[in-house]
Amino acid sequence: MKLYFNIILVFTILQLTTEMENEEKTLVKVGALFFEAEEDIELSFDAAFSELNNSKFFEIKFLTIKRYIRRDDSCMLQRLACELIAEGVAAIFGPSSKATHNIVADIANSTGIPHLQFDFKEGESLPEKLNHRMTVNVAPAPTILARAYWDIIKTNYDWKAFTILYENDAGLTRLLNLMDINTLTHDFIKVIKISVYNDDYRVLWKEAAESFHEQRFILDCEPETLEGLLKVALEYNLLGAFKNWFLTNLDTHSSKLRYMYNESFQANITSVRIKTVDANPYERKKAKQTEIDVLYSNQALLPILMYDAVMLFANSARNIILELKQYQEPKKSCDIEQRSPWYLGLLITDEMKSISEDNIEPPFKTENMKFNEFGERIEFDLEIYKPTVNEPIAIWKPDNSIVPVSVRSYMTAVSSAQDYSIARKTYTVVTHFEEPYFMLKVDHENYRGIEKYEGYAVDLIHKISEIMDFEYNFMLVTGNGNYNPQTKEWDGIIRKLIDHHAQIGVCDLTITQTRREVVDFTVPFMQLGISILYYNTPPEPKNLFAFLEPFDIDVWIYMMVTQLVMTLLFVFMARISIREWENPRPSNPDPDVIENKWNTRNSFWLMIGSIMQQGCDILPRGPPMRILTGMWWFFSLMALSTYTASLAAFLTSNKMQSDIKSLNDLVDQTKVKFGAMRGGSTSLFFSNSNNTLYAKAWNQMKTLKPSPFTATNKEGVARVRREKGDYAFLMETTSMSYNIERNCDLKEIGSAIGEKLYGLAVPLGADYRSNLSVSILQLSEKGELYNLKNKWWKKHNVTCPKFHEINEDELSIVELGGVFLVLGGGIVIAVILGLCEFFWNVRRVAVKDKVTPTEAFKAELLFALKFWVQYKPIRIAESRKLSIESNQRSPTRSGTRSSRRSSKSSSRNSFLRSGTQSHSRQISRNTNL
């Protein structure tokens, strides 16, 4: 009983103490204006003041007075605001942004009553800001919010082309800075007002998908509108892979996006919201969550901002009242005659603009709150997150920095939903047929899909896909991408990337500044230059009778006919010339006959000797014959000199190499035409170059007729081979080396000029470009790029004939082989005639000496082989026979030797006798002559 009495006594004392404290607390009236359907904001307003009134450590007690508005009516707002002021409120909260008029701010400014806003307002002009000095808005200022969006899009995402969609003018105000990014071209930014398409959103998304080919969207709309917009956008595949959305409404997380999220939402969707204060992990959790607790945990934007507005005013009012140690309820009204503002209200407003968030108790629910002199919130933190899975990504700070968020174990907002935007993607790789980058397999009919293609680009994409873990398919176009100055449009690979029909472009695609304005490139996977492809003229085939080619066949015929005519003419002239007839026997002064030695054989021998510059053992004696011989000698001299000079020039003509050894040589001549691929990077290199030589080459190419430009590299290579030395083609060294390796009739002239790089092309701002670049660097470091080039550039079963290195100062044996053939032919003819004459003589000896032909042949042959014997007996066959018979009669060796000596002596005597007789007959013959 005594214990029970003590408990009641303590409880009574505590109650009396609390009542006394409440009576000692200063009572401050506050007013609020709410539209209908703003129960959550009102609930937060009541909960915040209830928390303050229930805190025994807070020295002020608040009395809330609320007024409700059915519609946006400035007269009603004015009337209700004046009612609140007449009630003696020390501050007015609201209304929200549903009110399009600033009548409450004007009234507060004239009466000196602090005015607190918690919703976003459109930007105000400087005079309007000066007339609203009593207003403080805890919502982020539109200008600062626009700067934050600029930082996120430009710095963090690096978007260069996008479409802005906004629902109302306030949303456009927040996005205006995005159209003022200096590095972007306004042609790439499309601005669309959603309300224009309220009747049918399909028209909006059809235009975005098919006309704009847009991949990046910046959408500012209310959460209630978002669901309908995205449902229609899903029908046009605008939420598929490689699409990017940035939702700028700070209350997007309260929409139904998370509930409609499924595997069709593969787009990268991000949004922003006001960063709330992280919950204390050691704070005791409530056993039961009230309605306001759920509202705060869901980060409902306007209720949280209303809470912060209450705490801002309450702490500022407490500081001023405690400092002045007195509070007098404002006695103001909306009378026009009353112009003096409430002095205490001015102090409270200034305190709200300068108070530090560290001095707020209870603390704000949003981080980083500071105001400028106009009551605009200029500092706040934005949380970048994925609204589909409620996953934080990064934090934007007022110093323009973006800090990535690390997942914390104590976070309550971590989502367990699957993120389809990071699922394995299928990339569309656009390319075109070009050896050796992309080709069909020889037996491609036996394959399907990507398996029927081969080449350097195919292997490169395959290796990159293994590193990045993605699937891919190929899209085929014609050409890399040429720019048409008239239509200002691209074609080929570049066109597909601009239209976002493909995600990667690969082939012999050169990185140029013009292309980088419309697409992005990865780090280069190949380095190259520009060189000259020319026809490799094979050396002329060797001719054994090259010594005959200095003269035409007609010349040789005329020369033979001339020699025959001159021979006959020589015989005729000699026969009519009296001086060419002479005595055949000089010892007989009175001969019966005279002889003319210029018969056909001797005349022909003189003709031949003159041609050969060797002369003859007999010469003409009469003046006509000497004149005729001199003219023939002159003709022979001229013919031989001309032949010698022509032969030397002819034999060395096929050793002359091309005079074109560099681009300078090519430009300085007019015989060989040269060109490049029309609209390709090589053409752009020469057309944009300031180098004198390159500019001169470009001017020549433009003026050549027919046009030296080709549609493809393959066409240029075919033209070089077809025109065989009359055309040269300027192209990349990589493609050139590939064609030279496989075509023996092609060669490279000069060294490479310029420096060019091949890279993978991706649409502007593609977020996977960096991953592609890292993959290429990894392949390069492992030597895979080097191995791939060797695989596709080395020779494939092509063996070119190796020609002997030509020396202009030497002739080959083949070119002089005909001379040896003529010599050999003459020798063969002479030997044949000699053998015929030998056999004819053997027959004559056999008949004359009355021996068998075999004996005569043996005797004559054995004597012919005795090169040391200079005198020949007249009857050599008979002597040989006697010697054989003598040898047969000798029975012993000594007899044999005696017989041999006797035979040799007999032969010698017989030879001497025959020689003496022959000598006597010769003397007698000379005497008779």
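In the block above lies the structure referred to throughout.
Attention here is on the structure that accompanies the text. Keep in mind it's a predicted model, so treat the numbers as computed, not measured.

Rules behind the numbers
- Residues numbered from 1 in each chain as written.
- Predicted model: local features only at pLDDT ≥ 70, side-chain atom pairs only at ≥ 80, totals over all residues.
- Heavy atoms only, no water.
- Helix = DSSP H or I, 4+ residues; strand = E, 2+ residues; numbered from the N terminus.
- Buried < 20%, exposed > 50% of the residue type's maximum accessible area, 1.4 Å probe, protein only.
- Contact = heavy atoms within 4.5 Å.
- Areas by Shrake-Rupley, 256 points an atom, 1.4 Å probe, with all protein chains shown as cover.
- 1 Å grid on protein atoms, 1.4 Å probe; cavity = no way out; pocket = protein on both sides within 12 Å on 5 of 7 lines; lining within 4 Å.
- Points joined across faces, edges and corners; volume = space filled by probe spheres on them.
- Nonpolar A, V, L, I, M, F, W, Y, C, P; charged D, E, K, R; others polar.
- Arc of directions from axis to C-beta.
- Patch = residues over 30% accessible without salt bridge, like charges linked within 9 Å, V, L, I, M, F, W, Y side chains within 5 Å.
- Salt bridge = Lys/Arg side-chain N within 4 Å of Asp/Glu carboxyl O.
- Pairing = 2+ DSSP bridges.
- Axes fitted to C-alpha atoms, helices over the stretch in contact; angles between N-to-C directions.
- Parallel < 35°, antiparallel > 145°, perpendicular 65-115°, else oblique.
- Left-handed = near helix turned anticlockwise from the far one by under 90°.
- Lys, Arg positive; Asp, Glu negative; His and termini not counted.
- Polar contact = N/O pair within 3.5 Å; in protein donor to acceptor, adjacent residues only side chain to side chain.
- Core = buried A, V, L, I, M, F, W, Y, C linked by side-chain atoms within 4.5 Å.
- Phe/Tyr/Trp six-rings, centres within 6.5 Å; stacked < 30°, edge-to-face > 60°.
- Lys NZ or Arg CZ within 6 Å of the ring centre and 35° of its normal.
- Disulfide = S-S within 2.5 Å.

### Considering the overall build of the protein chain
Summing up its helical and strand segments, the protein chain has 30 helices and 30 strands in all. Split into buried and exposed, the 929 residues of the protein chain put 44% on the buried side. For the protein chain, the share of sequence-separated contacts (at least 6 apart) that also reach a separation of at least 24 residues comes to 71%. Entry remark: accessible area of the protein chain is about 50900 Å², with carbon and sulfur atoms responsible for 54%.

### Quick look at empty space enclosed by the protein
Sizing a probe to match a water molecule and rolling it over the atoms shows the empty space that remains. In total, this model carries 6 cavities of 30 Å³ or more according to the counting rule given. What the largest cavity holds in volume is close to 250 Å³. For the largest cavity, the lining is made up of 20 residues, of which Q117, K121, E124, N137 and E376 are closest to its centre. For the lining of the largest cavity, the secondary structure elements donating two or more residues are strand 5 (135-140) and strand 12 (376-379). Of all the elements, strand 5 adds the most residues to the lining of the largest cavity, at 4 residues. Residues of the lining of the largest cavity, tallied by class, amount to 7 nonpolar, 7 polar and 6 charged.

### Considering helix 26 (residues 784-793)
All of the buried residues along helix 26 are L785, L788, W792 and W793. Looking down the long axis of helix 26, one finds its buried residues gathered within 110 degrees of arc, a one-sided arrangement. Where helix 26 is buried, its residues touch strand 17 (439-440), strand 18 (453-454), helix 14 (456-468), strand 24 (526-535), helix 24 (733-742) and helix 25 (769-781).

### Regarding helix 4 (residues 103-111)
Regarding helix 4, the residues found buried are I103, V104, A105, I107, A108 and T111. Against the buried residues of helix 4 lie strand 1 (26-35), helix 3 (74-86), strand 3 (92-93), strand 4 (115-117) and strand 5. Once helix 4 ends, the next one or two residues include G112, with phi positive near 80 degrees.

### Focus: unusual backbone geometry
Cis geometry is adopted by the peptide bond preceding P436, which originates at E435 and carries an omega value of -5 degrees. Here P436 lies in the loop between strand 16 (426-431) and strand 17. The omega angle of the peptide bond from K705 to P706 is -5 degrees, so this bond is cis rather than trans. Tracing the backbone through its elements, the reader meets P706 in the loop between helix 22 (692-703) and helix 23 (713-723). Unusually for a residue other than glycine, A37 sits at a positive phi of about 70 degrees. The exposure class assigned to A37 is exposed, which follows from its relative accessible area of 60%. With phi around 50 degrees, K724 is a residue other than glycine that occupies positive phi space. If you trace the backbone, K724 turns up in the loop between helix 23 and strand 28 (727-732).

### Considering a nonpolar patch on the surface
A cluster of nonpolar side chains, contributed by I553, I557, M560, V561 and V565, occupies part of the molecular surface with about 470 Å² of accessible area. Given the relative accessible area of 40%, I557 is considered partly exposed.

### What to know about the sheet that holds strand 29 (residues 746-758)
In any sheet, the strands associate via hydrogen bonds between backbone groups, in a parallel or an antiparallel arrangement. Within the open sheet, the 4 strands sit side by side as 27-28-24-29. Their pairing is mixed. Two strands bound the open sheet, and with one partner strand each, they are strand 27 (673-675) and strand 29. Along the sheet, successive strands turn relative to each other by an average axial angle of 20 degrees, direction set aside. Relative to strand 28, helix 21 (residues 681-688) is tilted by about 100 degrees, and along the sheet it contacts strand 24, strand 28 and strand 29. Contacting strand 24, strand 28 and strand 29, helix 24 crosses the sheet at an angle of about 50 degrees to strand 24.

### Quick notes on the pairing of strand 6 (residues 162-166)
Taken across its 5 residues, strand 6 has 5 buried, putting it largely inside the fold. Covered by surrounding structure in strand 6 are F162, I164 and Y166 together with T163 and L165, the residues of both alternating faces. Pairing geometry for strand 6 and strand 8 (residues 216-220), over 4 bridges, is parallel. Opposite I164, over in strand 8, you have I218 as the bridge partner.

### What to know about the packing of helix 14 against helix 25
Contact geometry for helix 14 and helix 25: axes closest at 10 Å, N-to-C directions at 110 degrees. One finds that helix 14 runs roughly perpendicular with respect to helix 25. Taken as a pair, helix 14 and helix 25 cross one another with a handedness that is right-handed. Note on element contacts: helix 25 touches helix 14 through N771, L772, S775, I776, Q778 and L779, opposite L460, K463, I464, I467 and M468. A per-class count over the contact of helix 14 with helix 25 returns 7 nonpolar, 3 polar and 1 charged.

### Examining the environment of I189
When you line up the elements, I189 lands in strand 7 (residues 189-193). The buried category is assigned to I189, whose relative accessible area is 12%. As a C-alpha pair, I189 and A161 span 28 residues in sequence and 5.8 Å in three-dimensional space.

### Section: the side chain of R377
Within the secondary structure layout, R377 lies in strand 12. There is no salt bridge for the buried R377, and the closest opposite charge comes from D308, which lies 4.7 Å off by N-O distance. There is a polar contact of 3.3 Å between the side chain of R377 and the backbone oxygen of N368. Separated by 3.2 Å, the side chain of R377 and the backbone oxygen of E379 make a polar contact.

### Notes on the sheet that holds strand 10 (residues 268-274)
Pairing is mixed in the open sheet, where 8 strands are placed in the order 7-6-8-9-10-13-14-15. The open sheet is flanked by strand 7 and strand 15 (402-404), the only strands paired with a single partner. Taking each pair of neighbouring strands and ignoring which way they run, the sheet shows an average axis angle of 25 degrees. When strand 14 (residues 391-396) meets strand 15, the two strands line up antiparallel, connected through 3 bridges. Note on strand 15: the bridge partner recorded for W396 is I402.

### Looking at the nonpolar core
F62, F93 and F313 are the most contacted members of the largest nonpolar core, which totals 95 residues. In terms of residue count, the dominant contributor to this core is helix 12 (residues 301-324) (15 residues). Look past the residues within four positions of F93 in its chain and what remains in contact with it is V30, G31, A32, L33, F45, F49, L116, M306, A309, V310 and F313. I493, L509, F525 and V762 belong to the second-largest nonpolar core, a separate cluster that totals 49 residues.

### What to know about the pattern of salt bridges
Going through the model one piece at a time under the given rule, you end up with 35 salt bridges. Across the pair K193 and D169 runs a salt bridge whose closest N-O atoms are separated by 3.9 Å. With K193 in strand 7 and D169 in helix 7 (residues 169-175), this pair connects stretches of sequence that are 24 residues apart. We classify D169 as partly exposed; its relative accessible area is 42%. A salt bridge links D469 to R424, with the nearest nitrogen and oxygen atoms 1.9 Å apart. Separated by 45 residues along the polypeptide, D469 in the loop between helix 14 and strand 19 (471-476) and R424 in the loop between strand 15 and strand 16 bring together distant segments of the chain. In this structure R424 comes out as partly exposed when scored by relative accessible area, which is 45%. Residues joined in a network through salt bridges with shared partners are R67, R79, E83 and E87.

### Re the packing of aromatic side chains
The description of two aromatic rings rests on the distance between their centres and on the angle between their planes. If you walk through the whole model with that rule in mind, you get 45 aromatic pairs. Ring geometry for F58 against F62: centres 6.1 Å apart, planes inclined by 45 degrees, an arrangement best described as tilted. Per residue, the accessibility class of F58 equals that of F62, and both read buried. Ring pairs connect the aromatic residues F242, Y427, F433, F438, Y453, F470, Y472, F474 and Y768, which therefore count as one cluster. Positioned above the aromatic ring of Y385 is the side chain of R273, whose terminal nitrogen or guanidinium carbon lies 3.9 Å from the ring centre.

### Quick word on the state of the cysteines
In the structure shown here, the tally under the stated rule is 1 disulfide. The disulfide that involves C82 links it to C334, with 2.0 Å between the sulfurs. Measuring handedness by torsion sign, the sulfur bridge of C82 and C334 sits at about -110 degrees and is left-handed. Pair noted here: C82 is in helix 3 and C334 is in the loop between helix 12 and helix 13 (343-354), with a separation of 252 residues, a long-range link.

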